[in-house]
Amino acid sequence: MGSGKPRQAVKKYLAGYSESEASRLNNIQTQYSHTLVIPLYDESFEAVNRLLNTHFSFTNSESRSTVLFILVVNCPEDGSSEAEARTVYLLRTLEASLQSLIEIDNLTYGELESGRGVIIVDRCSEERQIPTKQGVGLARKIGADLACYLIATGTIKNRWIHSTDADVTLPANYFDGALDAEYTESQSSEVPVALVYPFKHLPESGYEIASELYDWSLRYYVECLKWAGSGYAYHTIGSLIAVDFEAYAKVRGFPKRSGGEDFYLLNKLAKVGQIKSLNTPVIKVAARPSQR
């Protein structure tokens, strides 16, 4: 993506269409190389902490402290009281695990012992919960809007907004996927507007067959689209996506809906540029029973 007009799109988006949290943290002193947005609802602290402490390796020898995590801890209005209680507990535990540096309204910015940066967005406390119909779409949009602002203002150096979930295991070279895609495409054509990482499901005991059938159906769908010559032949799974921040602003971000937000974001992006499916690195996704 170039400069000029696309940068105007970022400015226009942040001024008129981003969520209110986006520009509140305008005095972060540390500069980070990469950012990762994770919506959290009814997840365990152990799972989130494991993700925060993933050992990343960088081909350009950058240190581990160059990752800024944006955690949007959220609950839907009129949701399960038990799930709400677990999510609020997660919020308080995450806050206690940080060395807090800035607290503004419903945002907390701080560092882990490893030096990695973390922004926690409280959208689960009373009066801050997310409208039921906007669900995870709004949660992802809040996090991605924050990332877009921080990239535009130089707090984050890399232009990719990475998105994932707490039920994944990220490979050590996760962030190199975007860098490799930029290098490859720059040799011949425009850098893609979005990336979709490859994945593998890891089923819980007793769910092996169900997981394999589900995985097969996902891959069959995409392969058939490829066979038909469709421009929409890619997986639409929110935990596998990275989006160029200028393209994100141009299509006005994640749709605010309780499901399918990943599908509709990629659908919009496919109209303005290339959606590239990566061959590596592979993200491992937990295949687990769910009440949602």
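Residues numbered from 1 in each chain as written. Predicted model: local features only at pLDDT ≥ 70, side-chain atom pairs only at ≥ 80, totals over all residues. Heavy atoms only, no water.

**Student:** Summarise the packing of aromatic side chains; cite the residues concerned and give the values.
**Tutor:** Enumeration over the complete set of coordinates arrives at nine aromatic pairs. Consider the rings of F263 and Y264, whose centres lie 5.0 Å apart with planes at 85 degrees: the pair is edge-to-face. A relative accessible area of 35% means that F263 is categorised as partly exposed. Overall, Y264 belongs to the partly exposed group, its relative accessible area being 36%. Over the face of the ring belonging to F199 we find R219, whose NZ or CZ atom lies 4.2 Å from the ring centre. (Phe/Tyr/Trp six-rings, centres within 6.5 Å; stacked < 30°, edge-to-face > 60°. Buried < 20%, exposed > 50% of the residue type's maximum accessible area, 1.4 Å probe, protein only. Lys NZ or Arg CZ within 6 Å of the ring centre and 35° of its normal.)

**Student:** Tell me about the pairing of strand β12 (residues 283-287), and please be specific about residues and values.
**Tutor:** Remark: a regular strand shows side chains that alternate across the two faces of the sheet. Of the two faces of β12, only one is covered, namely that formed by I283, V285 and A287; the face formed by K284 and A286 stays uncovered. Of the pairings in the sheet, the one linking strand β7 (residues 168-169) to β12 comprises two bridges and is antiparallel in character. Each bridged residue has a counterpart across the sheet, and for T169 the counterpart in β12 is K284. Direction of pairing for strand β9 (residues 199-203) relative to β12: parallel, over a ladder of five bridges. (Helix = DSSP H or I, 4+ residues; strand = E, 2+ residues; numbered from the N terminus. Pairing = 2+ DSSP bridges.)

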